Amino acid sequence: MKLVFAGTPEVAVPALDALLASGRHEVAAVVTRPDAPAGRGRRLVASPVAERAEEAGIEVLKPAKPKDPEFLERLREIGPDCCPVVAYGALLPRVALDIPAHGWVNLHFSLLPAWRGAAPVQHAIMAGDEITGASTFLIEEGLDSGPVYGTVTEEIRATDTSGDLLTRLAFAGAGLLVATMDGIEDGTLKAVPQPADGISLAPKVNVEDAHLDWNAPALRVDRMVRGCTPAPGAWTTFRGERLKLIQVAPVPDRTDLAPGQIAAGKNNVYAGTGSYAVELLWVQAQGKKPMRAADWARGVRIGEGEQLGG
């Protein structure tokens, strides 16, 4: 098939690479979000998908909005059979959805209908799911509600951050997306409507959502930290300043600390929760680089009975 691939962040690049390497389909163009300011200088930077497409000599389309007439006209000129999508980052209007004969097929990082929305991997970890995966589905105007072509499953490991899990799903999902394109092209694959039961939502996780509650159980604190790493970053406060927690570990046999109470030894730092303590392993103080929690604690000289989270 002739394809127009839509995607923006680094997590979409493995799928683009897999389609380019398939040898069966032609990636005629790429659609991505416009260049965005980045870094201290806030200079405009192309998306990772745009950079990869330019390396491969593929036409790159960067509409401000997918309903822009110039973009729609160019898409009609290209005449794609199908438009595979991975984390494009903009809602597609009906007029765009109707252009390719086989529609727009999204690779979504959950086992639909679970975790529909922008942050499925983060929510799966924060909810304590043991299994997740990726799904390919035909995009409709609803939120991730279209019929599903195929899935792959992936175990959520006890120490997985959302970054770890998303990386694995990006590569597993790339193979699924290629197989889906193959099945659509040869007519062996039909999309199946999602069940009405088991729907859960995964809205974007913002900075306020990542504020830790030390009255929550230790497992919940651990899941919040892992789910919010690397972004937006789980955080608390210490002496009135924000402290980001990058890695913690539950310590079931330490129950002597009140919620938020912090205790530092020579090589270990612990904080109480609503159940038992967690050990702080990696932290990032405001305006500082990430560091081992024990090094941070030595620098700030934690006093007896000091609290996290005010």
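Counting starts from 1 at the beginning of each chain's written sequence and moves along it residue by residue. Given that the model is predicted, a residue must reach a pLDDT of at least 70 before its local features are reported, and side-chain atom pairs must reach 80 or more before they are shown or counted; all residues, however, enter totals for whole chains, interfaces and linings. Excluded from the side-chain calculation are hydrogens and water; included are all heavy atoms of the structure.

Throughout, disulfides are identified as pairs of cysteine sulfur atoms within 2.5 Å of each other. Under the criterion given, the structure shown has 0 disulfides. You can see Cys 82 has no disulfide; the closest cysteine sulfur is in Cys 83, sitting 6.5 Å from it. Under the scheme applied here, a residue whose accessible area is under 20% of the maximum for its type counts as buried, over 50% as exposed, and between as partly exposed, the area being computed with a 1.4 Å probe on protein chains only. Residue classification places Cys 83 among the buried residues on the basis of a relative accessible area of 0%.

Right, let's get into the UniProt feature "domain: Formyl transferase N-terminal" (unreviewed entry) in the chain. UniProt positions are given in the numbering used here, feature names are shortened, and annotations may be inferred rather than shown by experiment. The UniProt record annotates "domain: Formyl transferase N-terminal" (unreviewed entry) at residues 1–179. We count a stretch as a helix when DSSP gives it H or I for four or more residues in a row; a strand needs E for two or more, and each element gets its number in order from the N terminus. A distance of 13 Å separates the end C-alpha atoms of residues 1–179, which is 31% helix and 26% strand.

To continue, consider the packing of helix H1 (residues 13–21) against helix H2 (residues 48–55). Remark: H1 packs on H2, axes separated minimally by 9 Å, with the N-to-C direction vectors making an angle of 25°. Taken together, the axis directions place H1 and H2 in an arrangement best described as roughly parallel. Crossing geometry of H1 relative to H2 is assigned as right-handed. Mapping the contact onto sequence places Val 13, Leu 16, Asp 17 and Leu 20 in H1 and Pro 48, Val 49, Arg 52 and Ala 53 in H2. Geometry is summarised by axes, namely lines fitted to C-alpha atoms with helices restricted to the contacting stretch, and by angles between N-to-C directions that run from 0 to 180 degrees. Oblique is the label for any angle not covered by the other classes, which are roughly parallel (under 35 degrees), roughly antiparallel (over 145) and roughly perpendicular (65 to 115). Rotating anticlockwise by less than a right angle from the far helix to the near helix defines a left-handed crossing, while the corresponding clockwise rotation defines a right-handed one. We call two residues in contact when some of their heavy atoms are within 4.5 Å.

Right, let's talk about the sheet that holds strand S2 (residues 26–31) for a bit. Between any two strands, at least two bridges found by DSSP are needed for them to pair. Across the sheet, which stays open at both edges, the 7 strands sit in the order S5-S2-S1-S6-S7-S8-S9 with mixed pairing between neighbours. The open sheet has two edge strands, strand S5 (59–61) and strand S9 (148–155), and neither has a second partner. Averaged over neighbouring strand pairs, the angle between their axes works out to 20° when direction is ignored. Pairing of strand S7 (residues 104–108) with strand S8 (residues 131–138), which is carried by 4 bridges, proceeds in the antiparallel orientation. Counted as the bridge partner of Asn 106 is Phe 137 from S8. Sheet strands touched by H2: strand S1 (2–7), S2 and S5. Its angle to S5, the strand with the most contacts, is close to 155°. On the sheet, helix H6 (residues 162–186) packs against S1, strand S6 (83–86), S7, S8 and S9 and is oriented at approximately 155° with respect to S9.

So, about H6. The end-to-end C-alpha distance of H6, which contains 25 residues, comes to 35 Å, matching closely the 36 Å that a straight helix rising 1.5 Å per residue would cover. At the exit of H6 stands Gly 187, carrying a positive phi of roughly 80°. To estimate how far a helix should reach, multiply one less than its number of residues by 1.5 Å.

Another aspect to go through is the pairing of strand S10 (residues 234–238). In regular strands, side chains alternate between the two faces of the sheet. Of all 5 residues in S10, 4 are buried; the element is thus mostly enclosed. In the sheet, S10 pairs with strand S11 (residues 241–251) via 5 bridges, with the strands oriented antiparallel. In the sheet register, Phe 238 faces S11, and the bridge partner there is Glu 241. In this antiparallel pair of consecutive strands, S10 and S11, the connection spans 2 residues, and Arg 239 shows a positive phi of 55°.

Each salt bridge in this description consists of a side-chain nitrogen of Lys or Arg and a carboxyl oxygen of Asp or Glu lying within 4 Å of one another. Taken as a whole and judged by the stated rule, the model has 16 salt bridges. Between Arg 24 and Asp 186 there is a salt bridge, with its nearest N and O atoms 3.4 Å apart. Placement of the pair is Arg 24 in the loop between H1 and S2 and Asp 186 in helix H6, with a sequence separation of 162 residues. In this structure Arg 24 comes out as partly exposed when scored by relative accessible area, which is 39%. Judged by relative accessible area, which is 40%, Asp 186 ranks as partly exposed. Measuring nitrogen to oxygen at the nearest pair gives 3.6 Å for the salt bridge that ties Glu 141 to Arg 94.

Within 6.5 Å between ring centres, the rings of Phe, Tyr and Trp (the latter by its six-membered ring) count as paired, and their orientation is classed by plane angle as stacked under 30 degrees, edge-to-face over 60, tilted in between. Scanning the model with the defined rule gives 1 aromatic pair in all. Geometrically, the ring pair formed by Phe 238 and Trp 296 is edge-to-face, given 5.2 Å between the ring centres and 70° between the ring planes. Separated by 58 residues along the polypeptide, Phe 238 in strand S10 and Trp 296 in helix H8 (residues 293–300) bring together distant segments of the chain. For Phe 238, a relative accessible area of 7% gives the class buried. Of the residues examined, Trp 296 reaches a relative accessible area of 5% and is grouped as buried. For a ring to carry a charge above it, either NZ of a lysine or CZ of an arginine must fall within 6 Å of the ring centroid while also lying within 35 degrees of the normal to the ring plane. Geometry around Trp 235 places Arg 242 over its ring, the cationic atom sitting 3.7 Å from the centre.

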